[in-house]
Amino acid sequence: MSRSLQGVLIQLVALALFVAMDALLKVLVASHAVPQLMFVRFVFHTILVMGALRLITGKVPFRSRAPWLQTLRSLSLATANAALSVALIHIPLADATAVAFAAPVLTVALAALWLGEKVSPRRWVGVGIGFVGVLVALRPPFLTGEALHWAMLLPLVTAAANTVYQLLTRKLAAVDDPHTTFVHTSIAAAVVTGLVQPFVWVTPGAWDWPLFAALGLLGGAGHCLLVLAFARAPASVLAPMSYTQLLWAGLAGVLVFGDWPDGWTLLGAGIIAAGGVLVAIPERRRDRAG
């Protein structure tokens, strides 16, 4: 099995964990402040990752060759989570996920511009199709005749922040050991969100703590797998795999929240997926060599 294929399979597992985390997050934002949820999520994430590394490897490799890049990556993750958490208060999970899928499209484009990865003309066409799908999922007034809900713009912030996060993950894969990146994923995010806790903290109930821990576990495991995936395959190959989240998010929305995706969401998701498939088809020589 090639390293690129290994990366794709690892990525798919990570994405399933992220959808589970987002569904749990949507449940919790109905009764908890977003900054508090983010803080406990990142604290549990940090504790669980450090504990697992200590048990498995016998050490916690904190020292990074690029600490500022690690900090920026962690803060990018915090920004993405904050925007999505607020959005989920107001809009269905499937809608938020569909709009946030500007991220894989942006990742392919910026991987070429920033990381110097080669992207074929066919993949650029797929990027363009993906942007059209995101536009449809946004339900702009000139298409639907209805006012655009302001919360639909927040997943675009999530998309931009996730793009930075994914590209930094790929860049740091060539600089730091993956275990070091595991450790740093949530540290800066936990510190920054911790600064606002004196203003928002409400003592959780006994049943809240297991759910908070589950947020950290799902996020920690997912992001560790993401690092492993980006260490094995180019960002331009992995980014389109994120489109599988559309299916799982739609299914979770129906089963957990009773939110059936409407026609615009389905149409937008279909166009996005078509662009993703076009981008994901491997280039025979380059991708097989990966």
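Each value, and the rule that gives it
Residues numbered from 1 in each chain as written. Predicted model: local features only at pLDDT ≥ 70, side-chain atom pairs only at ≥ 80, totals over all residues. Heavy atoms only, no water. Helix = DSSP H or I, 4+ residues; strand = E, 2+ residues; numbered from the N terminus. Rg over C-alpha atoms; globule rule 2.2 N^0.38 Å. Buried < 20%, exposed > 50% of the residue type's maximum accessible area, 1.4 Å probe, protein only. Contact = heavy atoms within 4.5 Å. Areas by Shrake-Rupley, 256 points an atom, 1.4 Å probe, with all protein chains shown as cover. Lys, Arg positive; Asp, Glu negative; His and termini not counted. Charge placed at Lys NZ, Arg CZ, Asp CG, Glu CD. Phe/Tyr/Trp six-rings, centres within 6.5 Å; stacked < 30°, edge-to-face > 60°. Axes fitted to C-alpha atoms, helices over the stretch in contact; angles between N-to-C directions. Parallel < 35°, antiparallel > 145°, perpendicular 65-115°, else oblique. Left-handed = near helix turned anticlockwise from the far one by under 90°. Core = buried A, V, L, I, M, F, W, Y, C linked by side-chain atoms within 4.5 Å.

Chemist: Go over the overall build of the protein, please, and point to the residues and values.
Modeler: Secondary structure assignment for the protein yields 16 helices and zero strands. Since a compact globule built from 290 residues should have a radius of gyration of about 19 Å, the 18 Å found for the protein is in line with a globular shape. Seen along its three principal axes, the alpha-carbon backbone of the protein occupies a region of about 50 × 45 × 30 Å. For the protein, the residues scored as buried account for 50% of the 290 residues in total. Of the contacts formed within the protein by residues at least 6 apart in sequence, a portion of 90% connects residues at least 24 apart. When the accessible surface of the protein is totalled, it reaches about 13100 Å², and 71% of it is carbon and sulfur. Distance between charge centres in the protein, computed from 19 positive and 11 negative side chains, equals 15 Å.

Chemist: Run through the packing of aromatic side chains, naming residues and quoting values.
Modeler: Taken as a whole, this structure holds four aromatic pairs when the rule is applied. Relative to F212, the ring of W209 lies with its centre 5.7 Å away and its plane at 85°, an arrangement referred to as edge-to-face. Here the residue W209 and the residue F212 both occupy positions in helix α12 (residues 208-230), the gap between them amounting to three residues, near one helical turn. Classification of W209 as partly exposed rests on a relative accessible area of 35%. Here a set of aromatic residues connected by ring pairs shows up, and it is made of F39, F44, W201, W209 and F212.

Chemist: Describe the packing of helix α8 (residues 154-172) against α12, and please don't skip the residues or the numbers.
Modeler: Orientation of α8 relative to α12, taken along the N-to-C sense of each, is 55°, at an axis distance of 8 Å. By the angle between their axes, α8 is oblique relative to α12. Seen along the crossing, α8 lies across α12 with a hand that is right-handed. Along its contact with α8, which presents Y165, Q166, T169 and R170, the element α12 presents H223, L226, V227 and F230.

Chemist: Describe in detail the nonpolar core, supporting the description with residues and values.
Modeler: Counting 62 residues, the largest nonpolar core has L37, F42, L215 and L246 as its most contacted members. The greatest single-element share of this core, amounting to eleven residues, is contributed by helix α1 (residues 3-28). Ranked by size, the runner-up nonpolar core spans six residues in total, among them V49, L53, V183 and C224.

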